Structures are given as structure tokens and as C-alpha cells.
Amino acid sequence: MKWLIGTSALVGLILISSAQTQQAADNNIVTVQDLYQECRATGNAVASARNLLCAGYIAGVGDMYLASCRQVIPYGAMILAFMNWAPAHPQDWSKPQAEGVVAALSSVWPCGKSP
């Protein structure tokens, strides 16, 4: 019975996440500000899906950036770096979200330097 409940919850989360991802694509979530707002969403299952979208995006861009730097950093640390960097750099909010993630990560873990 617990397995069925867990599986149902997982399927529900995947469906919400898929719908949210499509909504994000429809809403052209492409800037630093857009990504920051996704990461800050709170309150319900849709907000949780938005947070997953944020975490997944930062993890993906972060993996590519850090691989080129030959560094391994935990995903939670990457997300925290972006969440600390974004509000401190409102002048960069209109830039592409990937640029913001790389700028945030490079401010904490520049290439060529060990963490």
C-alpha cells in the first residue's frame, strides 16, 4: 500500500513538473530574473515544480561549467551560489539565465582554482 501511495505521489509530481516545464517554455523563462523567480516560488505543488525546474537548470548548467573547470561541487551549493548572486546583481537580470548561472558559479568557484 505504501508503495502505491509513493508511486502515485511520484507520478503526480512528474505530471505537475511536466506541466510547469511546458508553462515555463510557453512563458519564455529565459532571463536571470525569470530563473531567480522560479527558484523563489513557494506555497504549493506548482511552486515545488517550479523549484525543481530551477534546481535542474542550475545543476545542468553547473555541471557543464564545472566540468570544464575540472571541479565537482554539490548541487545544493550551486543553487545557493546562484540564489545569493542573483539579488546582488539586478543589473544582470535581463541577461540569459545560463550567463547568470555561470557568473554566479564563477564568482565562487573560478576555473583553475580548487574549492
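Everything that follows concerns the structure shown earlier in this document.
Residues numbered from 1 in each chain as written. Predicted model: local features only at pLDDT ≥ 70, side-chain atom pairs only at ≥ 80, totals over all residues. Heavy atoms only, no water.

### Quick look at helix α3 (residues 45–68)
Here is step 1: When the terminal C-alpha atoms of α3 are compared, their 35 Å separation across 24 residues agrees well with the 34 Å that a helix rising 1.5 Å per residue should span.
Here is step 2: Its side-chain oxygen at 3.0 Å from the backbone nitrogen of valine 46, asparagine 44 defines the N-terminal cap of α3.
Here is step 3: Positive phi appears at arginine 70, one or two residues downstream of α3, with a value of about 60°. (Helix = DSSP H or I, 4+ residues; strand = E, 2+ residues; numbered from the N terminus. Expected span 1.5 Å × (residues − 1). Polar contact = N/O pair within 3.5 Å; in protein donor to acceptor, adjacent residues only side chain to side chain.)

### Quick look at the state of the cysteines
Simply put, disulfide is the name for a covalent bond between the sulfur atoms of two cysteines.
Here is step 1: Under the definition given, this model contains two disulfides.
Here is step 2: Two residues, cysteine 39 and cysteine 54, share a disulfide whose sulfurs are 1.7 Å apart. One disulfide, between cysteine 39 and cysteine 54, carries an S-S torsion of 85° and so falls in the right-handed class. With a gap of 15 residues between them, cysteine 39 in helix α2 (residues 32–40) and cysteine 54 in helix α3 connect regions that are remote in the sequence.
Here is step 3: Classification of cysteine 54 as buried rests on a relative accessible area of 3%.
Here is step 4: The disulfide partner of cysteine 69 is cysteine 111, and the gap between their sulfur atoms is 1.7 Å. Judged by the sign of its S-S torsion, about -45°, the cystine formed by cysteine 69 and cysteine 111 is left-handed. You can see cysteine 69 sitting in the loop between α3 and α4 (75–88) and its partner cysteine 111 sitting in the segment after α5 (97–108), a full 42 residues away along the chain.
Here is step 5: We classify cysteine 69 as buried; its relative accessible area is 10%.
Here is step 6: For the protein chain, numbering the cysteines in disulfides from first to last along the sequence yields the connectivity 1-2, 3-4. (Disulfide = S-S within 2.5 Å. Buried < 20%, exposed > 50% of the residue type's maximum accessible area, 1.4 Å probe, protein only.)

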